[in-house]
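Descriptive analysis of the structure
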Amino acid sequence: MDFNLTDLFMIERMHGGSVNGWIQIPSSFIVMIYCVIISITLVTALFFVMKKNSLLQAIRKSMVIAFFCSGFLYLIYSEGTWYTWLRGDINTYSGYSTEAKTGIFLGPLYDFIKVSREVLKYDDYVIYSSDVATRLMAQYYLLPRRNRAYAKNIIVLYDNDTAYDDRTKTFVRGDVHKENAELLFRYDFGAYILRIK
Amino acid sequence: MILTLVALIIPAILGFLIVSILLRDEATSGLSERLSMAYPLGMGLLTVQMFLLALVRVPLTLWDVAMPIMIEIVGLYLWIRKSKIVLIKMPSFGLFSEIFGADGHWLKKISLIALTALVIIKIGSIFVETYLRPIFAWDSFANWSASAKAFYYSHGLLLDTLQEDFFGKGLLNRNANYPPHNPLMQVWMSLWIGDFDEVLVKFWSPIYLLAMSAYLYVVMARETSRLIALSMLVLFLSSPLLSIHSIEVYSDVPLSVYILFSLIMFLFAMRGKYEYWTLMGLFSAEALFTKDEAPFFVLPLLLAAAAFFWQKRRQGIVLRKSAVPLLASLLLAVPWFVFKFSHKLGFGADYVTVEYTFRPEMVWKVILLLASLMNFNVFILFIPILTIIAGRPTKEFIYLATPVLCYAMFFILIYTLTVFFSGSLMFNTAIFRNVLTYYPSICFLTALLIKTIMLRWDTPAASLE
């Protein structure tokens, strides 16, 4: 744990701007919870000892009280973040169809995928992209069409190693050299679909 | 949306009928308990059935999948009618009686109302969030939804394709080793919806949370009090990781439900209610069909049950009514393991390498992460403290805590002893997700500890044994 005592009284929100982000609780909040647990345990234990309880009984009671108090403090903090995320998602996604929601989530890539589905029909394809996540995401949304090394359709999504010459209809990627590559759709300079005749 | 509801209700009806038959002679369980058990039980049986149909090459179409289920529902209902089994017991509405009854302090009543509202709002928000978002997590796509889509569009489990495509191998980063409960639930939803809908296929996930929360509340309320049970449920639901997993098509929440339910069934079975041995076996088998980690919980659980039988051997425990139904219901998981081993599918992700090391420092890293209160409120921090201050544990608690502890230790061992898990993995993510699968059980054990502590507040420990 990386404690930062300077911001102990400046509790930040839970890290992870939305549900998409990974959850991280700032050290200031963790320190605060521990302080609450220790102080509640000590104060209530003292109270119960003064009320003529044995030390063991006093500790038992104080620990149960500390559990619930710190738990509710955590709840206020974490649910605050959860409902902030929920409000954000209501503003972003509410009122749209599944297709539109997917488009909002995925951004421009989804426009490309929608056209790709129409262009490919139910044919398989081979996809090239320098970014692994983009490639896999495109593969997912193109299912049941499959990515096959021998497919006649070629999808290029911002791949640094490919070149396509419009005039000669030649596609080159490393050792792969294909003639008669007809351009079926071009989204922009780096994103396009070819079919080998 | 109506068809989504139909897809969710059918397994719940199937499960409810089976629970009603199994608990026909059991008078203490109420309607809410039976309803909470119904959905996870029915959904597990449904996917196992879909798996078996696919193995014998019956196409996974709506007609072929739904028709046997409908016949089973009708058959079970007729059996219930013929045997004069009480199907719908009168609900008790104990919580409402306590809130609106004449006796009881006003502060307690207000607290109960506030806590109930918090639970309803939280679970409601999870349903809303599930409806707002399409599938969004990368590992949901890769591990579960890609195969679900492929199975749905091919009307099968891709068993008669090229070797490279067998059982969805090679689909994105799919791990063909994983049990198919999750993808088959998505297939079932899609069959009813009529398409693979990126939002609606997820709706089984919050229902698992709802069923688990309801059951956890009922059992904790019975063990402690309604006020404590509701307070603990509210704290339990505040886990950010649990919330996120409940709106997404991950398998950790279903597994956590099956682990918790197996444990609670074990508790009731130990208390002499023989009917629960069968349910314990069924939930354990469904856990085995949900995730590859499950054997490391189910095996210690069975060992704990064996130890219980051994300890009670002189008290005339009827093995025919306990061990036999437990083992017989575990057979539900056998087809999956036969398939898994006959096709040389391993355990865990395909990319996991088995190379051993010894890194004891990982234990400290795990402790620090768990002490960071990152995802599970203060439960993980308090359970060892409460265990110590509770004094000598009851035998019941030892039997219940041992399988959970063994399961937790299994993860510690693989983090410490394997190169892959101690190095190459996204360590924090893995730890928190693994803990999530036994987090509900930790909550349940905490409730039992609080019960013990409260009983011992003013009573000498010896008198409780």
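Rules behind the numbers
- Residues numbered from 1 in each chain as written.
- Chains lettered and ligands numbered in written order.
- Predicted model: local features only at pLDDT ≥ 70, side-chain atom pairs only at ≥ 80, totals over all residues.
- Heavy atoms only, no water.
- Contact = heavy atoms within 4.5 Å.
- Buried area = accessible area lost by both parts, 1.4 Å probe.
- Salt bridge = Lys/Arg side-chain N within 4 Å of Asp/Glu carboxyl O.
- Polar contact = N/O pair within 3.5 Å; in protein donor to acceptor, adjacent residues only side chain to side chain.
- Helix = DSSP H or I, 4+ residues; strand = E, 2+ residues; numbered from the N terminus.
- Nonpolar A, V, L, I, M, F, W, Y, C, P; charged D, E, K, R; others polar.
- Patch = residues over 30% accessible without salt bridge, like charges linked within 9 Å, V, L, I, M, F, W, Y side chains within 5 Å.
- Areas by Shrake-Rupley, 256 points an atom, 1.4 Å probe, with all protein chains shown as cover.
- Buried < 20%, exposed > 50% of the residue type's maximum accessible area, 1.4 Å probe, protein only.
- Expected span 1.5 Å × (residues − 1).
- Pairing = 2+ DSSP bridges.
- Axes fitted to C-alpha atoms, helices over the stretch in contact; angles between N-to-C directions.
- Phe/Tyr/Trp six-rings, centres within 6.5 Å; stacked < 30°, edge-to-face > 60°.

On to the interface of chain B and chain A, then. Facing the 69 residues of chain B at the interface are 52 residues of chain A. Buried area between chain B and chain A, both sides added, is near 5,400 Å², and the carbon and sulfur share of it is 70%. Contact with chain A buries area across many residues of chain B, yet Leu132(B), Arg133(B) and Trp457(B) alone supply 12% of it, more than any other trio. Seen at the junction of chain B and chain A, the total is five salt bridges. Taken together, chain B and chain A are joined by 20 residue pairs in polar contact (both at pLDDT 80 or more). Examining the composition of the side of chain B that touches chain A, we find that nine residues originate from one element, helix H5 (residues 106-132) of chain B, more than from any other. Residues belonging to the side of chain B that touches chain A are distributed by class as follows: 43 nonpolar, 14 polar and 12 charged.

This paragraph deals with a nonpolar patch on the surface. Taken together, the side chains of Val354(B), Tyr356(B), Phe358(B), Leu413(B) and Leu417(B) make up a nonpolar region of the molecular surface, amounting to roughly 580 Å² of accessible area. As for its placement among the helices and strands, Tyr356(B) is situated in the loop between helix H15 (334-342) and helix H16 (361-371).

Another point: the side chain of Thr47(B). Structurally, Thr47(B) can be placed in helix H2 (residues 31-55). In this structure Thr47(B) touches His181(B), Leu184(B), Met185(B) and Phe289(B), once residues within four positions along its chain are discounted.

For the rest of this paragraph, the subject is the pattern of salt bridges. A side chain of one charge can pair with a side chain of the opposite charge if their charged atoms are brought near each other. What the rule picks out here adds up to 26 salt bridges over all chains. A salt bridge links Lys197(A) to Glu182(A); its shortest N-O distance comes to 2.9 Å. Of this pair, Lys197(A) sits in the segment after strand S7 (191-196) while Glu182(A) sits in strand S6 (residues 181-188), and the two are 15 residues apart along the sequence. The exposed category is assigned to Lys197(A), whose relative accessible area is 68%. With relative accessibility at 29%, the residue Glu182(A) sits in the partly exposed group. With its nearest N and O atoms 2.7 Å apart, the salt bridge here joins Arg271(B) to Glu223(B). Here Arg271(B) is found in the loop between helix H11 (252-270) and helix H12 (275-288), whereas its partner Glu223(B) is found in helix H8 (residues 204-223), with 48 residues between them in sequence. Counted as one network, the salt bridges with shared partners bring together Asp124(A), Arg146(A), Arg148(A), Glu164(B) and Asp165(B).

Take the environment of Thr353(B) next. Here Thr353(B) lies in the loop between H15 and H16. In this structure, the C-alpha to C-alpha distance between Thr353(B) and Gly124(B), residues 229 residues apart in sequence, is 41 Å.

Below, the discussion takes up helix H1 (residues 27-50) of chain A. Here H1(A) is 24 residues long and its end C-alpha atoms lie 35 Å apart, about the 34 Å a rise of 1.5 Å per residue gives. Those residues of H1(A) not exposed but buried are Ser27(A), Ser28(A), Phe29(A), Ile30(A), Val31(A), Ile33(A), Ile37(A), Ile40(A), Thr41(A), Thr44(A), Ala45(A) and Phe48(A). The inward-facing, buried residues of H1(A) abut helix H2 (55-93) of chain A together with H16 and helix H17 (379-389) of chain B. In the segment just after H1(A), Lys52(A) is the residue with positive phi, at about 70°.

Residues and elements named next belong to chain A. One open sheet accounts for three strands, arranged S3-S4-S5; its pairing is antiparallel. This sheet does not close on itself; its edge strands, each paired only once, are strand S3 (162-165) and strand S5 (176-178). Taken over all neighbouring pairs, the strand axes of this sheet differ in orientation by 5° on average, direction set aside. Where S3 and strand S4 (residues 170-173) come together, four bridges link them in antiparallel fashion. Residue pairing for S4: Thr-162 is matched across the bridge by Arg-173.

Moving on to the packing of aromatic side chains. Scanning all chains against the criterion turns up 56 aromatic pairs over all chains. For the ring pair Phe112(A) and Phe185(A), a centre distance of 5.9 Å and an interplane angle of 40° mean the geometry is tilted. Within this pair, whereas Phe112(A) is found in helix H4 (residues 108-120), its partner Phe185(A) is found in strand S6, the two being separated by 73 residues in sequence. Accessibility assignment for this pair places Phe112(A) and Phe185(A) in one class, buried. Here the aromatic rings of Tyr407(B) and Phe411(B) are separated by 4.9 Å at their centres, their planes lie at 70°, and the arrangement is edge-to-face.

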